[in-house]
Structures are given as structure tokens and as C-alpha cells.
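Chains, contacts and geometry: an overview
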Amino acid sequence: MRTLYQFSISHYCEKTRWQLDHKGLAYRVEHLFPGLHRLKTRRMAGTTSLPILRDGAQVVADSTDIALYLEATYPQAPLLPSAGPLREEILALEDRHDRLGVHVRRWLYGQIEDWASVTDAMLRVHRPLFGLRDRAKPMLVKGLRTLYGVTPERVAKSEVELLDGLDALEKRIHNDPSRYLVGDHLSLADISAAALYAPLLSPPDTPWANIGGFSAPAREVLDRIRERPAGQWILERYRHDRPHATEQDEARA
Ligand SMILES: N[C@@H](CCC(=O)N[C@@H](CS)C(=O)NCC(=O)O)C(=O)O
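All figures in this text were calculated on a predicted structure; none of them were measured in a lab.

Details of the pairing of strand β1 (residues 2-6)
- Summarising burial for β1: 5 of the 5 residues are buried, a large majority.
- Neither face of β1 is open: one carries R2, L4 and Q6, the other T3 and Y5, and all of them are buried.
- Strand direction decides the pairing type here: β1 and strand β3 (residues 52-55), joined by 4 bridges, are antiparallel. Opposite T3, over in β3, you have R54 as the bridge partner.
- Note that β1 and strand β2 (residues 28-31) share 4 bridges and pair parallel. The residue bridging Y5 from the neighbouring strand is E30, located in β2.
- With respect to chirality, the unit in which β1 leads through helix α1 (residues 11-22) into the neighbouring parallel β2 is right-handed.

Next comes the structure, spelled out in C-alpha cells:
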């Protein structure tokens, strides 16, 4: 049996869920408690971050290594050619969007005025444990801000980076939200770009759909992103290539 160890609102975990779903591979998810997760991830894979996939005896950490493992092991519904220049192009785009995912996360965490909906989305999959879960929330917020470097200077830089990334995406698709990044069908490049930008668009049925609490200037930035071709492209990828993202996830928990 396959198990995906995850945080439900992690966009890197969403990238892996999308790939597993696209390939029609059955899996269960195990939600780890943020912070305490490290006890398990260090033991399992010598790492601190999620996702981690256990597939029988095989344990693979990091969404890119998982992606390569899944493509090599399960060739159905391929998202990456096994060789050639297109493979290199897709991997370069995947890597670029993996790096942009860091800026998306830092910028978003830098815009939150009211953390209630975010901590709720992170922790509601865990048992209340006589109030302990909810008492952990302030510590969790502090930990996230430290871990992800949420300082005004770095958040401002992340805004520039993520907007540059959207410009590059629009050049690539010629401002046409129906196009794919490489060739004429979905690849790992599209999944990485759409999943790692998705928290900015909160597509319906995704773990970010009910998240709010952003400042008014941040809401304006988010509205502008939603209107531009890159924002429409992300929503289109979800509508067209990622049906029922959350329902599938929860059914498997
Ligand atoms: N390069 C990694 C990044 C994964 C990542 O940043 N995961 C975050 C959640 S979005 C995490 O597990 N953070 C907790 C930690 O590092 O302790 C990947 O692609 O899997």
C-alpha cells in the first residue's frame, strides 16, 4: 500500500497528490502534526520536510524525487518523457516553479492579518486532544514565520519574484490560459506551476478554498493575479486537469 505523509495545505504535497491522482495510483494520506512531524520524517527519510511517499518498502522524500520515482516506476499517464530535450525543458520548468513555491509561501504568510482560517485548515485534520491542538496555534504561527523567513524585506522580495514568475509563465503560454507549458498536453511542468501557485488563487475544492484573513492591499494583489492570464491559466489547469482535488484527498485519509 502507498502512503503519502503530508500537511494538507502544503502546495508541495498537493503537487505529489496531483501526480498520484493523474496516474490513477491508489494511496492513503497520513497527516503529520506540524513541528512534531520532524520526529517521524527524520527517522523515516533523514529529512524535515514533507511530502514523503512510502511505496511498499520504498521511501522517497521531496516532491521532485517523488515525481522522478513515480515516472520511472509507473509509466502510465506519463508526465515526463524518459529522455530527450523535452524532458530537460520540463525538468527545468519544474525546478523553477519549485523555487517559486518558496516565494509564494513566504509572501502569503507575510500578508495574513487573521490566522484563524489558516491554522484551522492546517490542524482540523488532527484530534482536539483536550484543547492541546488549539493551544498549539500561536506557537505554530510563530514557528512558521521563523522557519520560512517571513520578514518585511524578504516578503517584499518574494512578491517581486512571484510576479516575475507569473510574467514568465504568461510569455510561455502566449497569454492563452488554455495552453500547456510544454507541448500540447499536461506535463510535470504544468503540475508544478499550477500546484505551487495555487494558494494564491484558492481554486475551488482545494485546501486553500476557505483560507482568508489577508490584509486589504494583499487582497488587491490577489485580485489582480486572478484577473491576469497566468491566474486564469492556473484556475483553468485546476478546472480541466485536476477535478475534485480535496474530495479525493479526504476520501483517502
Ligand atoms: N523541496 C521540498 C520542499 C517541501 C517543503 O517545503 N515542505 C514544507 C511544507 S510546504 C515542509 O515540510 N515544511 C516543514 C519543515 O521544513 O519542517 C519538496 O519539493 O518536497
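Here we look at the nonpolar core
- Formed by 56 residues in total, the largest nonpolar core has its most connected members in W107, Y109, L181, Y197, L200 and Y238.
- Where this core is concerned, the elements lending two or more residues are α4 (85-109), α5 (116-123), α7 (137-147), α8 (152-172), α9 (188-201), α10 (216-227) and α11 (229-241).
- Each of domain 1 (2-73) and domain 2 (85-244) accounts for three or more of the residues forming this core.
- Discounting chain neighbours no more than four positions away, the residues touching Y109 are I9, W115, V118, M122, L144, R145, Y148 and V150.
- L4, L25, Y27 and L53 belong to the second-largest nonpolar core, a separate cluster that totals 11 residues.

What counts, and at which threshold
Residues numbered from 1 in each chain as written. Predicted model: local features only at pLDDT ≥ 70, side-chain atom pairs only at ≥ 80, totals over all residues. Heavy atoms only, no water. Buried < 20%, exposed > 50% of the residue type's maximum accessible area, 1.4 Å probe, protein only. Helix = DSSP H or I, 4+ residues; strand = E, 2+ residues; numbered from the N terminus. Pairing = 2+ DSSP bridges. Right-handed = clockwise from strand over helix to strand, strands pointing away. Core = buried A, V, L, I, M, F, W, Y, C linked by side-chain atoms within 4.5 Å. Domains from an automatic or database assignment. Contact = heavy atoms within 4.5 Å.

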